[in-house]
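Report on the structure
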Amino acid sequence: MSEPIVVGTDGSDEAAGALDWAAAEAASRERPLHIVHAVESWPYKTPLFAPPDTAERMTRAGRTLLAAARERIRERWPDLEITTELVAEEAWQALRAQSEKAFELVVASRGRGGFSSLMLGSTSLRLAGHSAVPVVIVRGGGADRGEVVVGIDLARQMDPVLDYAFEAAALHGARLRVVHAWQTFATLIEAGYAVDADQIEDDLRKEVAAAYQPVRRTHPGVDVADEIVLEHPVTALANASGSARLLVVGAHDRRWSAPQLGSTCHGVIHHAQCPVAVVPAH
């Protein structure tokens, strides 16, 4: 298992939380931890316009930050294999490049400096929508207990998302809650149509169980609970995240040839109360 857990850091309190989450993840999965810090690239690219010694000072500060991050992790996980890297690049570009050799990427929900736009902005959304590996956005304190929750869309290919969710639940000895929400039926009921809600729920529950059954056979020890909710998927998943240790969703919408985040994934990243793993569906 040579592919590392890659985590972006900028020295902020939020980044420290992501760093701790990534280290615990690396230790649990018996993988190396690779810590990356991105500094602004303009002093390196246009040195004639930068104040004297700007690039050198930024480099020294970045190396100091990485050394502190390494020491922080070494104190709690002394046997963990740790590497660090300083890059003069935009944050999303640096981490996207790292994804080519990573098992997963871990970022904070917000930060400063090179990772300042990771607060539910373009950087995290770009990473979640374009990364070839799972992207975990750490927020809500990163609880070390509670269920793993996965949102399932019966109209899409969910095997990679379910694989990740089952593996995470097995890894932590946690229950896996499989949530399927479909607002259409609630809308029909509100419009006055005669709808057998109990029958619909039974049918959906059977479809959900059939969707994850092949993956469940590879993790027979995982306790699974189904939840069928007649409300908007973002609301359902955000509510379920309140007592969860991890929320798993898929990044699988595509427009032409460019990968994009769907509206549900986008909304979940904004409103979840726990770390969110965005898993590519390919």
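Please read all numbers here as calculations on a predicted model, not as lab measurements.

With that settled, the discussion passes to the overall build of the chain. Summing up its helical and strand segments, the chain has 10 helices and 12 strands in all. Expressed as a percentage of the 282 residues in the chain, the buried residues total 48%. Counting only contacts in the chain whose residues sit at least 6 apart along the sequence, the fraction spanning at least 24 positions is 78%.

Once that is clear, we can look at the environment of Arg 156. With respect to the helices, strands and loops of the structure, Arg 156 is situated in the loop between β6 (147–151) and α6 (159–172). For Arg 156, a relative accessible area of 38% translates into the label partly exposed. With 125 residues separating them in the primary sequence, Arg 156 and Ala 281 have C-alpha atoms 8.8 Å apart.

Positive phi outside glycine occurs at Glu 30, with the angle close to 55°. The exposure class assigned to Glu 30 is exposed, which follows from its relative accessible area of 67%.

Right, let's get into the pairing of strand β4 (residues 104–108). Across the 5 residues that make up β4, a large majority, 5, are buried. Going residue by residue along β4, you find Glu 104, Val 106 and Ala 108 tucked away on one face and Leu 105 and Val 107 tucked away on the opposite face as well. Bridge analysis of strand β1 (residues 5–8) against β4 gives 3 bridges, and the strand direction is parallel. In the sheet register, Ile 5 faces β4, and the bridge partner there is Glu 104. As paired strands, β4 and strand β5 (residues 135–138) are joined by 4 bridges and run parallel to one another. Paired with Val 107 across the bridge in β5 is Ile 137.

With that settled, the discussion passes to the nonpolar core. Ranked by size, the top nonpolar core spans 47 residues in total, and within it Leu 33, Val 106, Leu 176 and Val 248 carry the most contacts. Not counting residues within four places of it along the chain, the set of residues in contact with Leu 176 comprises Val 148, Val 150, Ala 165, Phe 166, Ala 169, Val 222, Asp 223, Val 224 and Ala 225. Val 6, Val 179, Ala 244 and Cys 274 belong to the second largest nonpolar core, which has 32 residues in total.

Those residues of helix α4 (residues 91–98) lying buried are Ala 91, Trp 92, Ala 94, Leu 95 and Gln 98. Down the axis of α4, the sector holding all buried residues measures 160°, keeping them to one side.

Our focus in this paragraph is the side chain of Glu 104. Mapped onto the secondary structure, Glu 104 falls in strand β4. Summary of buried charges: Glu 104 has no salt-bridge partner, and the nearest side chain of opposite charge, Arg 29, is 4.5 Å away. Of note is the side chain of Glu 104, whose polar atom sits 2.7 Å from the side chain of Tyr 164. Every residue in contact with Glu 104, bar those within four places of it in the chain, is listed here: Pro 4, Ile 5, Val 6, Trp 21, Glu 25, Val 133, Pro 134, Val 136 and Tyr 164.

A few words now on a negative patch on the surface. Taken together, Asp 198, Asp 202, Asp 203 and Glu 207 make up a surface patch of like negative charges. For Glu 207, the position within the fold is in helix α8 (residues 197–216). Judged by relative accessible area, which is 43%, Glu 207 ranks as partly exposed.

Next up on the list: the confidence of the model for the chain. On average, the chain scores 82 in pLDDT, and the residues at 70 or more come to 77%. For the stretch residues 113–121, pLDDT sits under 50, and the model shows 29 contacts to residues farther than four places along the chain or on other chains. Here residues 254–259 scores under 50 on pLDDT; set against residues more than four positions off or in separate chains, the count is 6 contacts.

Attention shifts here to the packing of helix α9 (residues 233–240) against helix α10 (residues 263–271). Taken N-terminus to C-terminus, the directions of α9 and α10 make an angle of 35°; their axes are 9 Å apart at the nearest point. Crossing of α9 over α10 shows right-handed handedness. Between α9 and α10, the residues in contact are Pro 233, Val 234, Leu 237 and Ala 238 and Ser 263, Thr 264, Gly 267, Val 268 and His 271, respectively. Classifying every residue of the contact of α9 with α10 gives 5 nonpolar, 4 polar and no charged.

For the rest of this paragraph, the subject is the pattern of salt bridges. What the rule picks out here adds up to 12 salt bridges. What emerges from the salt-bridge pattern is a single network uniting Glu 147, Arg 175, Arg 177, Asp 223 and Glu 227.

Right, let's get into the sheet that holds strand β7 (residues 176–181). An order of β3-β2-β1-β4-β5-β12-β9-β6-β7-β8 is seen for the 10 strands of this open sheet, with the pairing classed as mixed. The open sheet is flanked by β3 (82–88) and β8 (224–229), the only strands paired with a single partner. Within the sheet, the average angular offset between the axes of one strand and its neighbour, ignoring direction, is 20°. In this structure, β1 lies alongside strand β2 (residues 33–39), joined through 4 bridges in parallel fashion. If you follow Val 6 over to β2, its bridge partner there is His 34. Here α6 sits on the sheet in contact with β4, β5, β6, β7, β8, β9 (244–251) and β12 (276–280), set at roughly 165° to β9. Running at roughly 160° to β7, α9 makes contact with β6, β7, β8 and β9 of the sheet.

What counts and what doesn't
Counting starts from 1 at the beginning of each chain's written sequence and moves along it residue by residue. The model is predicted, so local features are restricted to residues of pLDDT at least 70 and side-chain atom pairs to those at 80 or more, both for listing and for counting; the totals for chains, interfaces and linings are taken over all residues. Heavy atoms throughout the structure, all of them, feed into the side-chain values; hydrogens and water do not. Where helices and strands are cited, they refer to DSSP runs of H or I of at least four residues and of E of at least two residues respectively, numbered from the N terminus. Categorising residues by exposure relies on relative accessible area from a 1.4 Å probe, with only protein chains included: less than 20% of the type maximum marks a residue as buried, more than 50% marks it as exposed, and the intermediate range marks it as partly exposed. We call two residues contacting when some pair of their heavy atoms lies within 4.5 Å. Whether two strands pair depends on DSSP finding at least two bridges between them. Residue types Ala, Val, Leu, Ile, Met, Phe, Trp, Tyr and Cys, when buried and joined through side-chain atoms within 4.5 Å, form a set referred to as a nonpolar core. Working note: the arc is built from the helix axis to C-beta atom directions. Counting rule applied: Lys, Arg positive; Asp, Glu negative; His and chain ends not counted. One side-chain nitrogen of Lys or Arg within 4 Å of one carboxyl oxygen of Asp or Glu is enough to make a salt bridge. Under the rule applied, a polar contact is a pair of N or O atoms within 3.5 Å (in protein, one hydrogen donor and one hydrogen acceptor; residues adjacent in sequence only if both atoms are side-chain atoms). A patch is a set of surface residues, each over 30% in relative accessible area and not in a salt bridge, joined within 9 Å for like charges and within 5 Å for the nonpolar side chains Val, Leu, Ile, Met, Phe, Trp and Tyr. Only the protein chains shown count as cover for residues, and all accessible areas are computed by the Shrake-Rupley method using a 1.4 Å probe. Think of each charge as sitting on NZ of Lys, CZ of Arg, CG of Asp or CD of Glu. How sure the predictor is of each residue is captured by pLDDT, a score from 0 to 100. Between N-to-C directions, angles span 0 to 180 degrees; the directions come from axes that are lines fitted to C-alpha atoms, helices contributing only their stretch in contact. In this scheme, a crossing is called left-handed if the near helix is turned counterclockwise away from the far one by less than a right angle; it is called right-handed if the turn is clockwise. Under the convention adopted here, Pro, Cys and the residues Ala, Val, Leu, Ile, Met, Phe, Trp and Tyr are nonpolar, Asp, Glu, Lys and Arg are charged, and Gly plus all remaining residues are polar.

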